[in-house]
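Spelled out from the first residue to the last, the chains are:
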Amino acid sequence: MSSPTDTAAPAVASEPRLAAADMAARLTAPFARGADRLPLAIRGTAIAPYDFQLHTARFGVTPRPLYVLQARTDVPAGTTVTFGVRGGPALPLPLPDGLTAGTSVPLPDGTGILTGIQSGLAGGQEDWWQLTALLGTMGRLLWAVGWERDHLRRRLSRTVAQRSVAHAFGVHLDRNGAGLGVVRAPGETDDAYRRRLTVARRWTLPTPAGLTAALNDAVGPIDGVADPLVLDDTDAELRRGLLPLRVAPLDLPPGQSVDLLGTIGTDLPRPPVDEVFHPGLLVALSPHAADSRPLPGTPDPPLVQSVVVAAIARLNLFASRSVVHAGYDPDATDARATGRAVLLSHDTIPSSRIAALAHWSGFDLVTHRPDGLVHAECAPGELLGMDTGDGTIPVDGGLPVDGTTTLSVRPLVPPPGSLVRWYLLRDSAGRGEFVGPAEGASVVLRGTAPGRLVVVAELRLAGLTASATRELVVRPVTVADNTAIGADGTLDPAPPPPMPPGEGLHPAFLVRHDDPAHAEYGTDPETHRMRREVAEHLDALIALVPPATTGKLAVRRDLSATASPLAKEARELRLSHPGLPPGTLGALAHRAGFSHVRVAGGVVTVAQEHQDPVRVTAPGIFRDVLPIGTTVPLTVTPSPAEVGAAGVLGWSAGDGAAALLTTAPGGMSVRGEHGGPAWVQASYRMGDRTGAYQFTVRLRPELAGHTLSPATRSLIVQLLDDLRPLGVEVVTRLLPGGNP
């Protein structure tokens, strides 16, 4: 290995990205002081003079900088960077493992003004390094959070480069060679091996055109038709449906822990405990959420952070009321010291089971303690909570235009000396405004335009800043005539695009909608048939119609020859209701989730974005949690019997935590193998076309009705066996004569 002084400087010095700077650019004005930074200029071995007067003038405080050294290119191991410091001794910074391009290291806290930089690396130091002074606490936090992103960004680029022979090295280069069938000789260097692989890549490999030409040349004319064979490798259309799963243990034995990803062990890493925290932001668990039986010396009722309140609410979906024995405890050595953990039990459910259910509920780390109590903790989240105190916002988060609601922080009584301010962030076309002051423990919000809206409450207390965020949806109460509205509240958007030519949906994937108590469909029975996603939103619309409304919803589908492409795809309906004005019906259709709603001429036209038409369900599981060792049957809609010969059903599973099992003729089940995320997919391969890694050989249309002689067909099959690429299946069932 050459010494650092022998290393050549990079040819071009690129400006590396710093994740802390990327994140700081997205912060709002209140965070400007803490996220301020100063890039330093390096010229040769000198650092250009600088000071922090601008920061002091803007914010009224003298910063305490943290210097971050970032590599512009890969730096050799064993490098030491030495900094000149004004009025003090030189500061050496050893880098035993070097640095990869884009990654960074901090200088010791409290380092003074820097005047120079030396590393022994050839060339100007500005070609090797970038220096940034982070001038506030927020900048330090963003650097700590973003370090991993900078590291992964470089690792990703290096990983992607391994696909290329020009950039691969070591075992990655061997894998490139394995794909070409060229094996590295003993002792052969990367450079010599790369040269051989470059030559190998110039070899002519089988292609559809080349294979077709070889077959036709060998077979010759048939019935006077030159080039009689056609090779078709066009993949069939796939109609898919995906079921995400979470495989989790049924029980957790004493002494064992399980993390959020399902890893089970006795010494699992814990979520970080060193965090921003203030006991005044803790909240008391409601007696409606859990029974409180505090251990001696702990607060009663137990105090916890808002993330724990949410996790216990999810736990109640699985285990009704649990018993909380401890929450916040300043003397605890675990996450209870900041209110992020509780000790649990249950009056009727064994501890091993309640521990597993706590994991199901989303606690980030669960431990079944030897004393029978369950330690359940959450990773750090928002210190503040946010509630709609007056209950005016529906379950779907909708707020009507010109309607108001009261939003409150949790805890409702913030710590003395704190200041709470409220902000609105635009997420789409949605708009709103605060009625009255935008400060204090609660505010009144009025919706002013349809669409999504993000509300942020920010609490400041001395050096602490905490926030809570909630997304709301402003819903229209009416849609004006000759006006359309999109799912995000945008007015007069373009309607959803039709499916590409030749990819129309087979009628087997349509469903029949029939709700005679609430809807009438006219005289044509085809009006009942529509896309599954359209039928689901139509059900939601019917549920939103006030019960006292007179009449039924009129549902029509344009079946004429001049119908729009969306109507022909059964993704568009025309609606009206004798008891509702068109504008009101249009607003309800928008709330029901239709992608595009238009009101014109007394008719509401609704259209829906294309979605996967296949549904996969596992009726034996709750909230997509599949217990380890449990096998449950899967259901696919439409069923193979409904699709018939139009498509061939295939199954696949991913992420490794679950496996597919054929448990009955024509039936498929899924089994939980080990903890972690998983998914199951059902897909129909439509038509006569082939699937992936297949191609079909057939005769030209001019030879329709011709039957190949056994000798000719045998010759074609033997040639295909000799010439086909490895791993590719040849489909010969369309060749007439002999066996497929």
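Since this is a predicted model, take the numbers as computed values, not measurements.

Enquirer: With reference to specific residues and values, describe the nonpolar core.
Expert: One recurring pattern in soluble globular proteins is that nonpolar side chains are buried together. Residues Val342, Leu344, Leu357, Phe363 and Val366 are the most contacted members of the largest nonpolar core, which totals 30 residues. Other than its neighbours up to four places away in sequence, Leu344 contacts Leu315, Ser322, Val323, Val324, His325, Ala358, Leu373, Val374 and Ala376.

Enquirer: Break down the pairing of strand S23 (residues 404-410) for me, with residues and values.
Expert: The sheet contact formed by strand S21 (residues 385-388) and S23 spans four bridges and is antiparallel. Bridging from a neighbouring strand, Gly385 pairs with Arg410 of S23.

Enquirer: If you had to explain the sheet that holds strand S29 (residues 483-486) to someone new, which residues and values would you point to?
Expert: Whenever strands of a sheet pair, they do so through backbone hydrogen bonds, lying parallel or antiparallel. In space, the six strands of this open sheet follow the order S29-S35-S36-S34-S33-S31, with mixed pairing throughout. If you trace the sheet from one side to the other, it starts and ends with S29 and strand S31 (519-520), each paired once. Taken together, the four bridges between strand S34 (residues 572-576) and strand S36 (residues 603-607) define a ladder with antiparallel strand orientation. Bridge pairing links Arg574 to Thr605 in S36.

Enquirer: Describe the packing of aromatic side chains, listing the residues and the values that go with them.
Expert: Tallying each qualifying case throughout the model produces six aromatic pairs. Arranged with centres 6.5 Å apart and planes meeting at 75°, the rings of Tyr50 and Tyr67 form a pair that is edge-to-face. Taken together, the residues Tyr50 in the loop between strand S3 (46-47) and helix H3 (53-59) and Tyr67 in strand S4 (residues 66-71) connect sequence positions 17 residues apart. An identical accessibility class is assigned to Tyr50 and Tyr67; each is buried. Each ring, one from Phe318 and one from Trp360, has its centre 5.5 Å from the other, and the planes form 85°; the classification is edge-to-face. Of the two residues, Phe318 is situated in helix H8 (residues 306-319) and Trp360 in helix H9 (residues 351-360); the sequence distance between them amounts to 42 residues. For the pair formed by Phe318 and Trp360, the shared burial category is buried. Following the ring pairs from residue to residue traces out a cluster consisting of Tyr50, Phe52 and Tyr67.

Enquirer: Describe the sheet that holds strand S10 (residues 229-232), naming the residues involved and giving the relevant values.
Expert: Taken together, three strands build an open sheet; the order of strands is S10-S44-S45 and the sheet is mixed. At either margin of the open sheet sits one strand with a lone partner, and together these are S10 and strand S45 (729-731). With strand direction ignored, the average angle separating the axes of adjacent strands in the sheet is 25°. Both S10 and strand S44 (residues 694-699) contribute to a ladder of four bridges, which runs antiparallel.

Enquirer: Quick one: what's the story with the side chain of Thr212, residue by residue and with numbers?
Expert: Tracing the sequence through the fold places Thr212 in helix H7 (residues 208-219). What Thr212 contacts, discounting residues up to four positions off in sequence, is Leu229 and Leu231.

Enquirer: Before we move on, could you go through the environment of Asp259 and cite the residues and values that matter?
Expert: Residue position: Asp259 is located in strand S12 (residues 257-259). Looking at Asp259, the relative accessible area reads 16%, which means it is buried. Sequence separation between Asp259 and Leu365 is 106 residues; the distance between their C-alpha atoms is 4.4 Å. Not counting residues up to four positions away in its chain, the partners in contact with Asp259 are Leu268, His359, Asp364 and Leu365.

Enquirer: Describe the pattern of salt bridges, with residues and values.
Expert: Tallied over the entire structure, the rule returns 21 salt bridges. Here Arg336 and Asp334 are joined by a salt bridge, their closest N and O atoms 3.3 Å apart. Judged by its relative accessible area of 12%, Asp334 is buried. With a shortest N-O distance of 2.8 Å, Arg410 and Asp387 are connected by a salt bridge.

Enquirer: I'd like to hear about the confidence of the model for the protein, residue by residue, with values.
Expert: Scored by pLDDT, the protein comes out at a mean of 85, with 87% of its residues at no less than 70. Here residues 1-13 scores under 50 on pLDDT; set against residues more than four positions off or in separate chains, the count is 21 contacts.

Enquirer: Give a detailed account of H9, specifying residues and quantitative values.
Expert: The element H9 is extensively covered by neighbouring structure, given that seven of its 10 residues are classed as buried. All of the buried residues in H9 are Ile354, Ala355, Ala356, Leu357, Ala358, His359 and Trp360. Immediately beyond the C-terminal end of H9, within one or two residues, lies Gly362, with a positive phi of roughly 105°.

Enquirer: So what's going on with the pairing of strand S18 (residues 341-345)? Which residues, and what values?
Expert: Taken across its five residues, S18 has five buried, putting it largely inside the fold. Along S18, one buried face is formed by Ala341, Leu343 and Ser345 and the opposite face, lined by Val342 and Leu344, is buried too. The pairing of strand S17 (residues 322-326) with S18 spans three bridges and is classified as antiparallel. Its bridge partner lying in S18, Val324 is registered against Leu344. In the sheet, S18 pairs with strand S20 (residues 374-377) via four bridges, with the strands oriented antiparallel. Bridge pairing in S20 places Ala341 opposite Glu377.

About the thresholds
- Residues numbered from 1 in each chain as written.
- Predicted model: local features only at pLDDT ≥ 70, side-chain atom pairs only at ≥ 80, totals over all residues.
- Heavy atoms only, no water.
- Core = buried A, V, L, I, M, F, W, Y, C linked by side-chain atoms within 4.5 Å.
- Buried < 20%, exposed > 50% of the residue type's maximum accessible area, 1.4 Å probe, protein only.
- Contact = heavy atoms within 4.5 Å.
- Pairing = 2+ DSSP bridges.
- Helix = DSSP H or I, 4+ residues; strand = E, 2+ residues; numbered from the N terminus.
- Phe/Tyr/Trp six-rings, centres within 6.5 Å; stacked < 30°, edge-to-face > 60°.
- Axes fitted to C-alpha atoms, helices over the stretch in contact; angles between N-to-C directions.
- Salt bridge = Lys/Arg side-chain N within 4 Å of Asp/Glu carboxyl O.
- pLDDT = per-residue confidence, 0-100.

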